[in-house]
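If you want the building blocks of each chain, they are given just below.
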Amino acid sequence: MSIRRLPEKLVNRIAAGEVVERPAAALKELVENAIDAGATRISVRIAEGGILRLEVEDDGCGMSAADMALALERHATSKLPTDAIEDVITMGFRGEALPSIASVARLTLESRTQGGDGWKRVVDNGAVVAEGPAALAKGTRVMVEDLFARVPARRKFLRSGRSEYAACLDAVRRLAMSRPDIGFTVEHDGRRVLDVQGGQDQLTRVAALTQRELAANSIGVDIDRGEVHLGGVISLPTYNRGIADHQYLFVNGRPVKDRLLVGALRGAYADLLARDRHPVVALFLDVPTSEVDVNVHPAKTEVRFRDPQLIRGMIVGGLRRALDEHGFRSVQRPAEAALAAWQQEPVAPEPTTGFLFARRAEPAVHLFGADIAPRAEDVARVYDRLTPFASPAPIAGRAEPATAPVPEAESHPLGIARGQIAKTYIVAEAEDGLVIVDQHAAHERLVLEQLRRGMSGQAVLSQGLLLPEVVELDEPACDRLEAAAPQLAALGVELERFGPAAVMVRATPAMLGTIDCQKLVTDIADDLAGYDAALGLSERLELVAATMACHGSVRAGRTLSVAEMNALLRTMEVTPHSGQCNHGRPTWVKLAMDDVEKLFGRK
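None of these values were measured; they are calculated from a predicted model.

Trainee: I keep staring at the overall build of the protein chain and nothing clicks. Help me out?
Mentor: Scanning the protein chain from terminus to terminus reveals 18 helices and 24 strands. Expressed as a percentage of the 603 residues in the protein chain, the buried residues total 47%. A separation of at least 24 residues holds for 69% of the contacts in the protein chain among residues at least 6 apart in sequence. If you sum the accessible surface of the protein chain, you get close to 30000 Å²; carbon and sulfur atoms cover 54% of it.

And the structure:
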């Protein structure tokens, strides 16, 4: 079979297969052209998910009739004034989008420059069918109709209109997020689904395009390392999602999808989130053009870094530092659904006996058991996370009267403890609302952070056992424990091999108190085995520390004294990541005073 040169029409269709795989890809190219034209307002109209019609209108610089004709030719562009493709700073640069789209759809291009005349050019599946004057303001309007109508092999692989619409909206959302200085509107089948104004700051734009609650539950990122700058917004660990659909990375203003980001986020949020939960993240990376190659993917959705380890280290370290600096922060308020569960119950009128204010006799109840004199040893005992609790608190009340003046709530972000609910939740009064703390989740995080400090070189106090305990395990488990013995000693667990299928435990971390050594060592062995091939020893020890923290934390159902509750709150305020437990759930939530007043109809 002889080699032949393919006709231009077929070449354009092949190029369209690379650039225009679905309506969202065509829409992305058109919106990028509008951004490169210097638009301040971009309007998008979609019909039937973009399969029937796509329309993009902007107020950019526009094109003359001659430039319009040239723009519809392959590899004709105004974005590469020189041959240095590595210095490109625009969204597009290949000059393939318009001719590729026009070869598989009916494309109508209208444009007008400042002070010039408007012009229209219509191309139907690669053939120019009409052109002439057009009436429009300065800017450009592009309409794409019946995409792949004459390419049934491609048309049948498109998804439903709803799925294609979702992909189109995601493409516009990413581009709008990268340029908060530009206003965007999107209409689908005549209904406006997105409207953001230009001139917004980065956080406002990201929150408007993801979830508005993000503004109150996010952390700003601003890091410089040499010529590389990393900025953006990341959510608190307690503000997360079940899928990773709200994670965005922009390189020099270009939205990209990179596996580097996924791995870096997993490293930054390690031990802060459960494995099936994902943070909300929008990161903006600015690097010299010589350090990144943007010409590695037909749709320009992937890039290649000259030093990927530098970028990954910067993302992991920067995000980790930002999370550390925000210490005990958690979600700022309960979910709307949880708040809506509070309701005013109708009060049934009490039966009267003829007297106007008559009522049934009820036994007197003394709030917080105030009629019971507290024991001196209970009042003096103060919660200390380095030692086990000395003895149970009095059963008569969930809290007890203070022997000293109660400190002002203004000086403590988590407020002052006022009581305990269901022997699980601490209720505290802060200056600006009501704080509810999950005592088990909070103490679990405090113990974990203490163990992590032990792993970083600060020794964890150990408590020697009066009689060493022998734990029987299978031989491979004993081998793993023996190999990790020096690192476990830094966590306060001292053990040694005791025959082929047993280990002898000589000491455990003092902060864990009296624990079941058999269960603890078995769980540690399971953690070392479960991630043996996938993770290094240090990462596996992080999981071991989390397991140990769970063993040593204050359990739900434990009655705490007022002193213990306040000590727990004060420790949380100075401990990193105390706003979320080891599984990513919040350790405390706040009900603002405005919300409390709304519940009682005062506002």
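So, next bit.
Trainee: Looking at this structure, I do not really get the sheet that holds strand β5 (residues 127-133). What am I missing?
Mentor: On the basis of which strands lie adjacent, the open sheet formed by 8 strands has the order β5-β4-β3-β6-β2-β1-β7-β8 and mixed pairing. Edge strands, defined here as strands with exactly one partner in the open sheet, are β5 and β8 (191-196). Across this sheet, the average inter-strand angle for adjacent strands is 10°, counted without regard to direction. Sheet topology places strand β4 (residues 119-124) next to β5; 6 bridges connect them, and they run antiparallel. Bridging across to β5, Arg121 finds its partner in Glu131. Across the sheet, helix α2 (residues 23-36) touches β1 (41-47), β2 (53-58), β6 (139-145) and β7 (183-188), and the angle it forms with β2 is around 10°. Sitting on the sheet, helix α6 (residues 161-178) is in contact with β1, β2, β7 and β8, with an inclination near 175° to β7.

Trainee: Any chance you could explain α2 here in plain terms?
Mentor: Two residues of an α-helix separated by three or four positions point the same way, owing to the 3.6 residues in each turn. Relative to the 20 Å expected for 14 residues at 1.5 Å per residue, α2 spans 20 Å between its end C-alpha atoms, a close match to the ideal helical length. In terms of residue burial, α2 counts as a mostly covered element, since 12 of its 14 residues are buried. Restricting attention to buried positions, one finds in α2 the residues Pro23, Ala24, Ala25, Ala26, Leu27, Lys28, Glu29, Leu30, Val31, Glu32, Ala34 and Ile35. Among the residues trailing α2, Gly38 stands out with phi positive, at a value near 80°.

Trainee: How should the packing of α6 against helix α7 (residues 202-209) be read in this particular structure?
Mentor: Packed helix pairs are specified by the crossing angle of their axes together with the interaxial distance, meaning the distance between the axes. Two numbers describe how α6 lies on α7: the axes approach to 9 Å, and their chain directions differ by 170°. If you check the angle between α6 and α7, you find them roughly antiparallel. Between α6, through Arg173, Ala176 and Met177, and α7, the contact on the second element is made entirely by Arg205, Val206 and Leu209. Taken together, the residues of the contact of α6 with α7 break down into 4 nonpolar, no polar and 2 charged.

Trainee: Any chance you could explain the pairing of strand β10 (residues 228-235) here in plain terms?
Mentor: Strand residues, when the strand is regular, have side chains that alternate between the two faces of the sheet. Of all 8 residues making up β10, 7 are buried, and the element is well covered by its neighbours. Two strands pair when backbone bridges link them, and strand β9 (residues 218-225) and β10 are joined in this way by 8 bridges, in the antiparallel orientation. Of the residues in β10, the one forming a bridge with Val221 is Gly232. The loop that links β9 with its antiparallel partner β10 comprises 2 residues; one of these, Gly226, has a positive phi angle of about 65°. With 6 bridges joining them, β10 and strand β15 (residues 281-286) adopt antiparallel strand pairing. Following the sheet pairing, Gly231 is matched in β15 by Phe284.

Trainee: Help me understand the pattern of salt bridges in this model?
Mentor: Once their charged atoms are close, side chains differing in charge can pair, the charge on each being opposite to the other. Scanning the entire structure with this criterion turns up 25 salt bridges. As a salt-bridge pair, Arg45 and Glu55 come within 3.1 Å of each other at their nearest N and O atoms. Of this pair, Arg45 sits in strand β1 while Glu55 is found in strand β2, placing the two residues 10 residues apart along the sequence. You can call Glu55 buried: its relative accessible area is 10%. A salt bridge links Glu57 to Arg45, with the shortest nitrogen-to-oxygen separation between them at 3.5 Å. Taken together, the positions of Glu57 in strand β2 and Arg45 in strand β1 put the pair 12 residues apart, joining distant regions of the chain.

Trainee: How do you make sense of the environment of Met63 when you look at a structure like this?
Mentor: Inspection of the secondary structure puts Met63 in the loop between β2 and α3 (65-71). The residues touching Met63, leaving out its near neighbours within four places in the chain, are Met68, Ala71, Leu109, Ser111, Arg112, Thr113 and Thr140.

Trainee: Honestly, the side chain of Glu110 in this entry has me stumped. Any pointers?
Mentor: On the secondary structure map, Glu110 appears in strand β3 (residues 106-112). With a relative accessible area of 14%, Glu110 lands in the buried category. When neighbours within four sequence positions are excluded, Glu110 is seen to be in contact with Met68, Trp119, Lys120, Ala134, Leu136, Gly139, Thr140 and Arg141.

Trainee: Hey, could you run me through the sheet that holds strand β21 (residues 462-472) in this one?
Mentor: The strands making up a sheet are joined through hydrogen bonds of the backbone, oriented either antiparallel or parallel. The strand order across the open sheet formed by 3 strands is β21-β23-β22, and the pairing between neighbours is antiparallel. The open sheet terminates on both sides in strands that have one partner only, identified here as β21 and β22 (494-497). This sheet shows a mean twist of 15° between the axes of neighbouring strands, independent of strand direction. Sheet analysis places β21 next to strand β23 (residues 502-509), joined by 7 bridges and oriented antiparallel. Bridging across to β23, Glu469 finds its partner in Val505. Where helix α13 (residues 475-483) meets the sheet, its contacts fall on β22 and β23, and the angle it forms with β22 comes to roughly 130°.

Trainee: Is there a simple way to think about the nonpolar core in this case?
Mentor: When a protein is soluble and globular, its nonpolar side chains tend to lie buried together. In terms of nonpolar packing, the biggest core is built from 57 residues, with Leu27, Val31, Ile42, Val44, Leu107, Val144 and Phe184 touching the most fellow members. Considering every element that reaches this core, the biggest residue donor is α6, with 8 residues. Here Leu27 is in contact with Val44, Ile46, Leu54, Val56, Cys168 and Val172, once residues within four sequence places are set aside. In this structure, Ala268, Tyr269, Leu272 and Val294 belong to the second largest nonpolar core, which totals 33 residues.

Trainee: Would you explain the pairing of strand β12 (residues 247-251) in this entry?
Mentor: Most of β12 is tucked away, with 5 of its 5 residues classed as buried. Burial along β12 is two-sided: Gln247, Leu249 and Val251 facing one way and Tyr248 and Phe250 facing the other are all buried. The pairing of β12 with β15 spans 5 bridges and is classified as parallel. Each residue of the ladder has a partner; that of Val251, found in β15, is Leu285. As paired strands, β12 and strand β13 (residues 254-256) are joined by 3 bridges and run antiparallel to one another. The residue of β13 that forms the bridge with Phe250 is Pro255. Hairpin connection from β12 to β13: 2 residues lie between these consecutive antiparallel strands, with Asn252 at a positive phi of about 55°.

Definitions and limits used
For every chain, the first residue of its written sequence is number 1, and the numbers climb from 1 along that sequence. Since the coordinates come from a predicted model, pLDDT governs what is reported: local features require at least 70, and pairs of side-chain atoms require 80 or more to be given and counted, while whole-chain, interface and lining totals use all residues. Water and hydrogen atoms play no part in the side-chain values, which are based on all heavy atoms of the structure. Runs of H or I in DSSP of at least four residues are treated as helices and runs of E of at least two as strands, each being numbered from the N terminus. Relative accessibility decides the category of a residue: with a 1.4 Å probe and only protein chains considered, values under 20% of the type maximum give buried, values over 50% give exposed, and everything between is partly exposed. Between two residues, a contact is recorded if the distance between any of their heavy atoms is within 4.5 Å. The method behind every accessible area is Shrake-Rupley, applied with a 1.4 Å probe, and residues are considered shielded solely by the protein chains displayed. Strand pairing requires that DSSP identify at least two bridges connecting the strands. Comment: axis = line fitted to C-alpha atoms, over the contacting stretch for helices; angle = value between 0 and 180 degrees taken between N-to-C directions. Helices are assigned an expected span. That span is 1.5 Å times one less than the residue count. By definition in this entry, angles of less than 35 degrees are roughly parallel, angles greater than 145 are roughly antiparallel, angles of 65 to 115 are roughly perpendicular, and the rest are oblique. In this classification, the charged set is Asp, Glu, Lys and Arg, the nonpolar set is Ala, Val, Leu, Ile, Met, Phe, Trp, Tyr, Cys and Pro, and all remaining amino acids, among them Gly, are polar. Any carboxyl oxygen of Asp or Glu within 4 Å of a side-chain nitrogen of Lys or Arg constitutes a salt bridge here. To define a nonpolar core, start from buried Ala, Val, Leu, Ile, Met, Phe, Trp, Tyr and Cys residues and group those joined through side-chain atoms within 4.5 Å.

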